[in-house]
Amino acid sequence: MKDMKGMDSGQAKELFSYFGLAVYYSQALEQQLANLIMLMKVADGKVPTEEDFAELFQLKLSSSLGQLVREIQHNFSFSEEETEQLTRLWKQRNYIVHDYFKERIHETFTPAGRSAMINELKAFKDEAQALEMKLQHYSRQLYDQVRVED
């Protein structure tokens, strides 16, 4: 099925679906970074009351991915590969959210262009999802450590 501009609507829907998934997993990554930062602060005794925790958590949730990445890199021992991956995903996320369609709009009008974009967005989504799951694992380990210490 084609729309008014001759774009295959099935492939266009797939493209926009992968764009949405890329943005979703970048936000999931932001959430996991905020969780890990908060757990580190609790483990270090830097959040004395529940009110302090709630206030600081809201602050972390409103932080940009870049702010979270910079903070986590100063406070958590990632491998060099993980640090490079996190930095690369942060930069890719910014490109996808702010410039992707502005710079690639001409490619949306050809099947080959849409296919290439779908593959790029899918690769980003897969990598962001894998890193988010790794951060969940680190958060779980830290949570278990904090819980045992209480």
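On a predicted model such as this, the values are computed, not experimentally measured, just so you know.

Asks: Describe helix α3 (residues 65-75), listing the residues and the values that go with them.
Replies: Those residues of α3 that fall on the buried side of the exposure criterion are Leu65, Gly66, Leu68, Val69, Glu71 and Ile72. Considering only its buried residues, α3 is in contact with α1 (9-43), α2 (50-61) and α4 (80-98).

Asks: So what about the side chain of Ser26? Which residues, and what values?
Replies: Position of Ser26 among the secondary structure elements: in helix α1. When its relative accessible area of 2% is taken as the criterion, Ser26 is described as buried. In this structure the side chain of Ser26 is engaged in a polar contact, spanning 2.7 Å, whose partner is the backbone oxygen of Val23. Once residues lying within four places of it in the same chain are set aside, the contact partners of Ser26 are Arg93 and Phe124.

Asks: Explain the side chain of Arg93 to me, using residue names and the numbers behind them.
Replies: Counting through the fold element by element, Arg93 comes out in helix α4. When residues no more than four places from it in sequence are discounted, the contact partners of Arg93 are Ser26, Glu30, Leu65, His98 and Phe124.

Cut-offs and rules
- Residues numbered from 1 in each chain as written.
- Predicted model: local features only at pLDDT ≥ 70, side-chain atom pairs only at ≥ 80, totals over all residues.
- Heavy atoms only, no water.
- Buried < 20%, exposed > 50% of the residue type's maximum accessible area, 1.4 Å probe, protein only.
- Helix = DSSP H or I, 4+ residues; strand = E, 2+ residues; numbered from the N terminus.
- Contact = heavy atoms within 4.5 Å.
- Polar contact = N/O pair within 3.5 Å; in protein donor to acceptor, adjacent residues only side chain to side chain.

Shape descriptors only; they carry no functional weight alone.
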